[in-house]
Amino acid sequence: LMEMRQVKTAEELALWRRAYVYFYRAHCFARDYILTHGTDVTDLEVAYATELWINDILYSELNLSGGKLHHGVASAVGIGVRAGAVTGYPHPNQPYFNRIGRGMALQVSGGARIGGYGHENYRAYIIADESGGFDPHMQKLWEVSQHCCDMQRDLSIEGRTCSSVAWEIHRYQVAQGVQQYVYHRPAHGAGVEGHQSPYLSLGDHTMLRRNMCFSEEPGLYDPDNGCGFNWSDTIVVGLKSGYRMSRVPYSQEWCWIKL
């Protein structure tokens, strides 16, 4: 049954794409909130403020006022923000409650769904230090992980195997000398369950088919230096290249910020 759900229909992708419209707006709000309030707020405040703002819009447009029964089921945008040392782990089992500071890595993450369809959308930030500069080690990890995201998109072609895509990404990470910061596979399959097969991993030889959906997580993590960069999105397998659901930029202009 799970294998029958790996390739998404046009209707499923349309709902998925609609959910990402709200996700795009949420990321814009979160970034503006951080730039506006800077070091006066915690990562928790940014997350809660963003989640309230975007769900007010989503539920209003779904016409949920009045608490209608069986209406707008499985529709929500969830936002998480982590700042500082907690970015050095893929999924730390602790609360995100840290005042945002200069010289930190920061991640805005979460998931958005309409009618159960949608997925993750993360962006990895570097905050300039007191001098206005960016830490060279953070820059290196950010640049390599960001490039690996582009690699995954371009390699997500019908007829390739999951393992071959993972191998290309890991080979690049090793060539860049960052293999010690690799903690997990580049991506997992995405569906209404969240994580589902197949997986972009060295041991999964499943053939990619058009309209399969995957997360985008060739992240790099350095807990010793208290920084890490994980991205996610939905990458849809195509005939000549994959494509992303999100319109949130992956650029230095967007992600390297000064407070």
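Below you will find a few notes about this structure. Model, not experiment: these values are computed from the prediction. (Residues numbered from 1 in each chain as written. Predicted model: local features only at pLDDT ≥ 70, side-chain atom pairs only at ≥ 80, totals over all residues. Heavy atoms only, no water.)

**A closer look at the state of the cysteines**
Point 1. Scanning the model with the defined rule gives 0 disulfides in all.
Point 2. Unpaired in this structure, C148 has its nearest cysteine sulfur neighbour in C149, at a distance of 7.3 Å.
Point 3. For C148, a relative accessible area of 0% translates into the label buried. (Disulfide = S-S within 2.5 Å. Buried < 20%, exposed > 50% of the residue type's maximum accessible area, 1.4 Å probe, protein only.)

**Focus on the packing of helix α3 (residues 136-155) against helix α4 (residues 162-175)**
Point 1. For the pair α3 and α4, interaxial distance at closest approach is 10 Å and the crossing angle is 155°. By the angle class used here, α3 and α4 are roughly antiparallel. You can see that α3 and α4 cross each other, and the crossing is right-handed. Here V144, H147, C148, M151, Q152 and L155 of α3 come into contact with α4, specifically with V165, E168, I169, Y172 and Q173. (Axes fitted to C-alpha atoms, helices over the stretch in contact; angles between N-to-C directions. Helix = DSSP H or I, 4+ residues; strand = E, 2+ residues; numbered from the N terminus. Parallel < 35°, antiparallel > 145°, perpendicular 65-115°, else oblique. Left-handed = near helix turned anticlockwise from the far one by under 90°. Contact = heavy atoms within 4.5 Å.)

**Focus on α4**
Point 1. For α4, built from 14 residues, the straight-helix expectation of 20 Å at 1.5 Å per residue is met to within 8% by its first-to-last C-alpha distance of 20 Å.
Point 2. Every buried residue of α4 is accounted for by C162, S163, V165, A166, I169, H170 and Q173. An end-on view of α4 places all buried positions within 160° of arc, on one side of the element.
Point 3. Turning to α4, the residues buried within the fold contact α3, β6 (194-200), β7 (213-214) and β8 (220-222).
Point 4. Positioned one or two residues after α4, G177 has a phi angle of 75°, which is positive. (Expected span 1.5 Å × (residues − 1). Arc of directions from axis to C-beta.)

**Let's talk about empty space enclosed by the protein**
Point 1. If you walk through the whole model with that rule in mind, you get 1 cavity of 30 Å³ or more.
Point 2. Considering only enclosed or pocket space, the largest cavity measures out at about 50 Å³ in volume.
Point 3. Lining the largest cavity are R5, K8, E12, Y117, G191, V192, E193 and Q196.
Point 4. Here the lining of the largest cavity is built from residues that sort into 2 nonpolar, 2 polar and 4 charged. (1 Å grid on protein atoms, 1.4 Å probe; cavity = no way out; pocket = protein on both sides within 12 Å on 5 of 7 lines; lining within 4 Å. Points joined across faces, edges and corners; volume = space filled by probe spheres on them. Nonpolar A, V, L, I, M, F, W, Y, C, P; charged D, E, K, R; others polar.)

**What about the packing of aromatic side chains?**
Point 1. Applying the stated criterion to the full structure yields 9 aromatic pairs.
Point 2. On the basis of an interplanar angle of 35° and a centroid distance of 5.9 Å, the ring pair of F29 and Y33 is categorised as tilted. Linking F29 with Y33, this pair stays in helix α1 (residues 10-37), spanning 4 residues, or about one helical turn.
Point 3. Using a relative accessible area of 16% as the deciding quantity, one classes Y33 as buried.
Point 4. Judged by centre distance (5.3 Å) and plane angle (45°), the rings of F134 and W256 are tilted. Remark: W256 occurs in strand β12 (residues 256-257) and F134 occurs in the loop between β4 (123-127) and α3; sequence separation between them is 122 residues.
Point 5. One aromatic cluster in this structure is built from F134, W142, W231, Y250 and W256.
Point 6. The lysine or arginine in question, R31, covers the ring of W254, its NZ or CZ lying 4.4 Å from the ring centre.
Point 7. We note R123 situated over the ring of Y250; from NZ or CZ to the ring centre the distance is 3.9 Å. (Phe/Tyr/Trp six-rings, centres within 6.5 Å; stacked < 30°, edge-to-face > 60°. Lys NZ or Arg CZ within 6 Å of the ring centre and 35° of its normal.)

**Topic: the nonpolar core**
Point 1. Formed by 69 residues in total, the largest nonpolar core has its most connected members in V77, L106 and F229.
Point 2. Apart from the residues lying within four places of it in its own chain, the contact partners of V77 are Y22, F23, A26, E51, I54, N55, L58, G111 and A112. (Core = buried A, V, L, I, M, F, W, Y, C linked by side-chain atoms within 4.5 Å.)

**Section: the environment of G189**
Point 1. Along the chain, G189 falls in strand β5 (residues 187-191).
Point 2. The class of G189 is buried, set by a relative accessible area of 0%.
Point 3. Counting along the chain gives 11 residues from G189 to L200, while the straight-line C-alpha distance between them is 7.8 Å.
Point 4. Setting aside anything within four residues of it in sequence, one finds G189 in contact with G194, H195, Q196, S197, P198, Y199, C213 and F214.

**What about the packing of α1 against helix α2 (residues 43-61)?**
Point 1. One can describe the packing of α1 onto α2 by two numbers: an axis separation of 9 Å at closest approach and a directional angle of 145°. For the crossing formed where α1 meets α2, the hand is right-handed. Along the contact surface, α1 presents R18, Y22, R25, A26, F29, A30, Y33 and I34, while α2 presents E45, V46, A49, T50, W53, I54, I57, L58 and E61.
Point 2. The class makeup of the residues in the contact of α1 with α2 is 12 nonpolar, 1 polar and 4 charged.

Purely spatial values, then, with no claim about function.
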